[in-house]
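What follows is each chain in one-letter form.
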Amino acid sequence: MTEGELRAFFEELHRHPELAMEEKRTTGLVENALKRAGIAVLPSGLPTGLIAVLPGAKPGRVIGLRADMDALPIQEESGLDYASQEAGKMHACGHDFHTACMLGAALLIKERERELAGTVKIVFQPAEETAAGGRVVAAQEALQDVNEFYACHTYPGFPAGTLGIKPGPVMAAPDRFMIRIQGRGAHAGNPHLGRDPIPAAAALALSAQTLVSRYKDAFEPAVLSITHVQAGETWNVVPQEALLEGTLRTLNEGLRREMIARLNDLAQSTAQGFGCTAETEWEIGPGPVINDEALCAFAAQTAARLGFAVGVQDNTMGGEDFSEYLKRCPGVFIRVGTGGGYSNHHPMFTADPAALWPAAQFFAELALRRACADTQ
Ligand code: NI
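Residues numbered from 1 in each chain as written. Predicted model: local features only at pLDDT ≥ 70, side-chain atom pairs only at ≥ 80, totals over all residues. Heavy atoms only, no water.

A. A look at the coordination of the nickel ion. The protein atoms that coordinate the nickel ion are Cys93 (SG), His95 (NE2) and His153 (NE2), at distances spanning 2.2 to 2.3 Å. The sequence motif formed by the donor residues of the nickel ion is C-x1-H-x57-H. (Donors = N, O, S within 2.8 Å, 3.2 Å for Na, K, Ca; no water.)

Next comes the structure, spelled out in structure tokens:
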């Protein structure tokens, strides 16, 4: 595959984005390209997404490369000549770039397979945006022997030609909570005959922030955002129930557990103080993404050898289910500078295609070098 062909493949994915768990066409395009190059696809039983394998000529280690494939329910406003043709769907997080990048890496490794000592497994993962894909794919039997995992992610903060490689935590654990405060409905003229859940919800929305500002160590990052408040239907009725929904973001498993327990307690005690009750439901997301320090140093050295500038990306409390792969082995989540000027998930987001071919070369080189590296 040439640079021009890889770019055309990326543009084709961009024109036809598919949402989480609907990535059938994308999976088919990747599978065809792999098969045309003689690269084996492992049987997985996944409805969308796939795992490709490149066994080397000599024994060595097993290196995993991971790309996510899904798009977002956003109407594209980029004005690109290869903009989305699917109404209300857009590759606004660059997962089309990731898929093309790792396909390119697979094809480049295939061309150099005689050099390969070890095995490279390439994961094309569905449903990153809903955090539903990583858990299922990482649990696949075929991936249990992987020694190290690497992922790429577009990054508007750096221009093409720069990679962001940062040791330690780089993405947060995104947990979702829903707090239902149960009161007792009444006529708004006689509130004393009911138990109004709205003052309880309002008090909790404010006091919950003290878990971040007063409870935890200031040097441990955490974000608690209440993003959805709902109660009542009209002006003259005290409602029965109030709902608070939001997200907790942490970088540390211990703090994560403590903050969850503290919010549960605070919700209950606050509601009780207003004569109401509270129930907190959690949707526990993937863990924080923590980059391995030694592997970061190796990746940065490889990047420099290939002529990349290496930077340290800004911190974010966004979530990423790449952490599912890092539960079993170390790895690095690498930011690929793709310029463009708009943040990921913005309707004007673009990923500079000039970054694509060099990124594919980088991941191919990294996998080839890591497969034959001494076990650490
Ligand atoms: Ni993304």
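B. Focus on the domain arrangement of the protein chain. Splitting the protein chain by domain gives domain 1 (3-171 + 288-371) and domain 2 (173-283). Computed over C-alpha atoms only, the centres of domain 1 and domain 2 are separated by 38 Å. If you look at the interface, domain 1 gives seven residues, while domain 2 gives 11 residues. Interface area, domain 1 with domain 2, both sides summed: about 650 Å², of which 74% is carbon and sulfur. Applying the counting rule to domain 1 against domain 2 returns zero salt bridges. At the surface where domain 1 touches domain 2, the tally comes to one residue pair in polar contact (both at pLDDT 80 or more). (Domains from an automatic or database assignment. Contact = heavy atoms within 4.5 Å. Buried area = accessible area lost by both parts, 1.4 Å probe. Salt bridge = Lys/Arg side-chain N within 4 Å of Asp/Glu carboxyl O. Polar contact = N/O pair within 3.5 Å; in protein donor to acceptor, adjacent residues only side chain to side chain.)

C. Molecular detail of the sheet that holds strand β10 (residues 222-231). Judged by pairing direction, the sheet is antiparallel, and its four strands sit side by side in the order β10-β12-β8-β13 without closing on themselves. The open sheet has two edge strands, β10 and β13 (277-283), and neither has a second partner. Averaged over neighbouring strand pairs, the angle between their axes works out to 20° when direction is ignored. Docked against the sheet, helix α5 (residues 197-207) engages β8 (173-182), β10 and β12 (241-250), running at close to 15° with respect to β12. (Pairing = 2+ DSSP bridges. Helix = DSSP H or I, 4+ residues; strand = E, 2+ residues; numbered from the N terminus. Axes fitted to C-alpha atoms, helices over the stretch in contact; angles between N-to-C directions.)

D. Looking closely at the packing of α5 against helix α7 (residues 253-273). It is at 9 Å that the axes of α5 and α7 come closest, and there the two elements cross at 145°. Handedness of the α5/α7 crossing: right-handed. Taking contact as the criterion, the partners of Ala200, Ala203, Leu204 and Ser207 in α5 are, on α7, Leu266, Ala267, Thr270 and Ala271. Residues that form the contact of α5 with α7 fall into these classes: six nonpolar, two polar and no charged. (Left-handed = near helix turned anticlockwise from the far one by under 90°. Nonpolar A, V, L, I, M, F, W, Y, C, P; charged D, E, K, R; others polar.)

E. Looking closely at the packing of aromatic side chains. Following the criterion strictly, the structure yields 10 aromatic pairs and no others. Judged by centre distance (4.8 Å) and plane angle (50°), the ring pair of Phe149 and Tyr325 falls under tilted. A residue pair is termed long-range when its members are at least 10 positions apart, and Phe149 in strand β5 (residues 148-155) and Tyr325 in the loop between β15 (309-311) and β16 (331-337) qualify at 176 residues. The class of Tyr325 is buried, set by a relative accessible area of 2%. Judged by centre distance (4.9 Å) and plane angle (70°), the rings of Tyr155 and Phe158 are edge-to-face. The same class applies to Tyr155 and to Phe158, which are both buried. Each member of the aromatic cluster is reached from another via a ring pair, and the members are Phe149, Phe322, Tyr325 and Phe333. The ring of Phe298 has Arg370 lying over it, and the distance from NZ or CZ to the ring centre is 4.4 Å. (Phe/Tyr/Trp six-rings, centres within 6.5 Å; stacked < 30°, edge-to-face > 60°. Buried < 20%, exposed > 50% of the residue type's maximum accessible area, 1.4 Å probe, protein only. Lys NZ or Arg CZ within 6 Å of the ring centre and 35° of its normal.)

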